[in-house]
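Letter by letter, the chains look like this.
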Amino acid sequence: MLFFLAQRWLMSRVESPALETAATVFVAIFVQALPFLVLGVLLSAAIAAFVPQSFWARALPSNRALAVPVAGAAGAVLPGCECASVPVAGALMTRGVTPAAALAFLLSAPAINPIVLISTFVAFPGEPEMVLARLVASFATAVIVGWLWLRFGRPEWLRIPRRTHLEGATPWHTFRLTATHDFLHAGGFLVVGALAAAAMNVLIPPSWLDALADNPLLAILGMALLAVVLSICSEADAFVAASFTSFSLTARLTFLVVGPMVDLKLMSMQSGFFGRAFAARFAPTTFVVAVGMSILVGWWLLT
Amino acid sequence: MIREVQGIILMLVGIVILRISWGTAYLDYVKESMRPWLLASGAILVILGVLALVDALRRGGVSEAEAQRSDEEIVFDGVEGDHDHAHGGPRAAWLLVLPILVVFVVAPPALGAWAAARDTTNSVAAQQALPPLPPGDPVPVFLSDYVTRAVWEQGVSLEGRTVELTGFAVSTDDGGWQLARMQIQCCAADAFASKVQPVGLPPDFADVPENTWLTVTGQWVPGDAAADGSPGATPSSSAIPLVQVGSIAVVPEPVNPYD
């Protein structure tokens, strides 16, 4: 009874259609991301609990510069979106994978997995070269950012999630503890990101976009920033990009390359997992490299 | 965060997801194809939550020394101040209370007239020739499909057919209204609106409150409401095609509010 009264009262408060739309978008992003997040934390828990540490030493080349592209290419097999890859990358680092390689995986996994590439193919029926351009530009960005981290990154910027307190009595217990911890942690930061994206979705007038489309360079930057703000799941972003018909193919490619690697919900989740000092450096670097690679690959493949 | 609360939050998130995907409420936010994944992840969260709660209650019986030891183990994890693991749980988890509350208390509805009115792109160019409409008189057609056929194929596949369009009313600046429906690719964050302008409305339907769901049965006529109704205008993504109203009725909101 009290519950229904509270509901009635709140409903009358939330009469503003803009606020209502923002609430819908917030819940939509959260609900859409949740199954992928659960998949991601189950995977990261499985890595923590069942895969022996020595496996990674054997699976990845001992040369760290070589491990980066190998880990980036391994991203192609995780059929998830960006929410899943954050906890998985965290688990990889904890298990001794060199951070640069884990970061290349973090960037490439949501961008070049088969589901994402197929949906890109379906969304751009007349332009199969879009699939290739997305694959090349995303992979190149992931590898370059990985190498940049290897060359310039300082260990103190990155907080590798340490978790001796998550080691249970049995592997199964460790699995549960890790899954619970990672979900609560990443889920909380997903909420922040979804809130920011919902607010932006409602606050930015769509007419701004039309004004940007006419200038080639502004169009590319506009699409890149829109990808950051909208925080759309990488499995759906191709359809959204395809609909911006007034923008050049290169601008739309930028949207597809930036979105899975840098967006509001990801930045929030990354700062939660790896620390603010990390996110403050990693996200802008990735953004710049992703935009640069998109322009380069777009000029090469899409004109 | 104490461990009991962790378990409860996990359970509640799981219950929220199960509750909306058990019925049809999830269709206000995501596509129908998400349902099995939502049910599975909701169930997994409830199980993890129950196990965490059982753990926590059992742990209530451990000795003081043991609890002390496990807290010490945890402290080094907080290299930065924002990562507080005291009492064994991430502080960020509290934020999960927000979506739980929003879904249970506010239950935001599907996107409606406000979102539709601000979307200035009405359709995307058809990438390939569209197949003829299925048989039926009238034939139910999605609004987005109607708009694409009318704008980008100049109504060729609509000519001579009676169509049935379902959508909600969006008020226009001139005091009239248009029939609109949102389309989603993945979730409501990526929604687009499709709009048509009904012409020849019966007097009782000249003015309809926003967000009223209606079914219009009628026929395609050339013209573009966005460009002063000049027939034969060049196809454009902002063109709003017309429909000559044969009959019109107020209907309940469809189970799936999106195209």
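As a starting point, this report considers the structure included with it. Being a predicted model, the structure only gives us computed values, none of them experimental. (Residues numbered from 1 in each chain as written. Chains lettered and ligands numbered in written order. Predicted model: local features only at pLDDT ≥ 70, side-chain atom pairs only at ≥ 80, totals over all residues. Heavy atoms only, no water.)

**Points about the nonpolar core**
Part 1 of the reasoning: Membership of the largest hydrophobic core comes to 148 residues, with the highest contact counts inside it found for F124, F183, F255 and V258 of chain A together with V13 and M182 of chain B.
Part 2 of the reasoning: When residues of this core are assigned to their parent elements, the largest contribution, 16 residues, is made by helix α2 (residues 17-50) of chain A.
Part 3 of the reasoning: Setting aside anything within four residues of it in sequence, one finds M182 of chain B in contact with L111, G112, A115, A116, F168, A191, F192, A193, P257, Y258 and D259 of chain B.
Part 4 of the reasoning: In terms of nonpolar packing, the next biggest core, distinct from the first, is built from 24 residues, V147, V163, L165 and I248 of chain B among them. (Core = buried A, V, L, I, M, F, W, Y, C linked by side-chain atoms within 4.5 Å. Buried < 20%, exposed > 50% of the residue type's maximum accessible area, 1.4 Å probe, protein only. Helix = DSSP H or I, 4+ residues; strand = E, 2+ residues; numbered from the N terminus. Contact = heavy atoms within 4.5 Å.)

**Observations concerning the pattern of salt bridges**
Part 1 of the reasoning: In total, this model carries six salt bridges over all chains according to the counting rule given.
Part 2 of the reasoning: Across the salt bridge formed by D55 of chain B and R176 of chain A, the nearest N and O atoms sit 2.8 Å from each other. Here D55 of chain B is found in helix α2 (residues 35-59), whereas its partner R176 of chain A is found in helix α9 (residues 171-203) on a different chain.
Part 3 of the reasoning: R176 of chain A sits in the buried class, given a relative accessible area of 13%.
Part 4 of the reasoning: The salt bridge partner of D145 of chain B is R149 of chain B, with a shortest N-O separation of 3.0 Å. Separated by four residues within a single helix, D145 of chain B and R149 of chain B lie in helix α6 (residues 143-152), roughly one turn from each other.
Part 5 of the reasoning: Classification of D145 of chain B as partly exposed rests on a relative accessible area of 24%. (Salt bridge = Lys/Arg side-chain N within 4 Å of Asp/Glu carboxyl O.)

**Brief notes about the packing of helix α7 (residues 114-123) of chain A against helix α8 (residues 129-152) of chain A**
All names here are of chain A.
Part 1 of the reasoning: Direction vectors running N to C along α7 and α8 enclose 145 degrees, while the axes themselves pass 8 Å from each other. In terms of crossing hand, the pair formed by α7 and α8 is right-handed. Mapping the contact onto sequence places V116, L117, T120 and F121 in α7 and M130, V131, R134 and L135 in α8.
Part 2 of the reasoning: Of the residues contributing to the contact of α7 with α8, the split by class is six nonpolar, one polar and one charged. (Axes fitted to C-alpha atoms, helices over the stretch in contact; angles between N-to-C directions. Left-handed = near helix turned anticlockwise from the far one by under 90°. Nonpolar A, V, L, I, M, F, W, Y, C, P; charged D, E, K, R; others polar.)

**A short note on helix α5 (residues 82-94) of chain A**
Residues and elements named next belong to chain A.
Part 1 of the reasoning: With 13 residues, α5 should cover 18 Å at 1.5 Å per step; its first-to-last C-alpha distance of 19 Å lies within 8% of that length.
Part 2 of the reasoning: Listing the buried residues of α5 in full gives E82, C83, A84, S85, V86, P87, V88, A89, G90, A91, L92 and M93.
Part 3 of the reasoning: The inward-facing, buried residues of α5 contact α2, α3 (53-59), α6 (99-112), α9 and α14 (264-274).
Part 4 of the reasoning: Of the residues flanking the end of α5, it is G96, one or two places downstream, whose phi is positive at about 95 degrees. (Expected span 1.5 Å × (residues − 1).)

**Things to note about the packing of aromatic side chains**
Residues and elements named next belong to chain A.
Part 1 of the reasoning: Within this structure, the stated rule accounts for nine aromatic pairs over all chains.
Part 2 of the reasoning: Taken together, a centroid distance of 5.4 Å and an interplanar angle of 70 degrees make the contact between W149 and F278 edge-to-face. In this pair, W149 is assigned in helix α8 and F278 in helix α15 (residues 276-301), connecting sequence segments 129 residues apart.
Part 3 of the reasoning: Between F274 and F278, the ring centres sit 5.3 Å apart and the planes meet at 70 degrees, which makes this aromatic pair edge-to-face. (Phe/Tyr/Trp six-rings, centres within 6.5 Å; stacked < 30°, edge-to-face > 60°.)

**Comments concerning the interface of chain B and chain A**
Part 1 of the reasoning: Counting residues at the interface gives 61 residues for chain B, matched by 66 residues for chain A.
Part 2 of the reasoning: Taken over both partners, the interface formed by chain B and chain A buries close to 5500 Å², and the fraction arising from carbon and sulfur atoms is 73%.
Part 3 of the reasoning: Together, V105, W114 and R118 of chain B form the three largest contributors to the area buried by chain B at its contact with chain A, with a combined 11%.
Part 4 of the reasoning: Between the two partners, chain B and chain A, sit one salt bridge.
Part 5 of the reasoning: Counting every contact that joins chain B to chain A gives seven residue pairs in polar contact (both at pLDDT 80 or more).
Part 6 of the reasoning: Secondary structure elements with two or more residues in the side of chain B that touches chain A: α1 (3-22), α2, α3 (64-75), α4 (97-106) and α5 (113-118) of chain B.
Part 7 of the reasoning: Among the elements that line the side of chain B that touches chain A, the one with the most residues is α2 of chain B, at nine residues. (Buried area = accessible area lost by both parts, 1.4 Å probe. Polar contact = N/O pair within 3.5 Å; in protein donor to acceptor, adjacent residues only side chain to side chain.)

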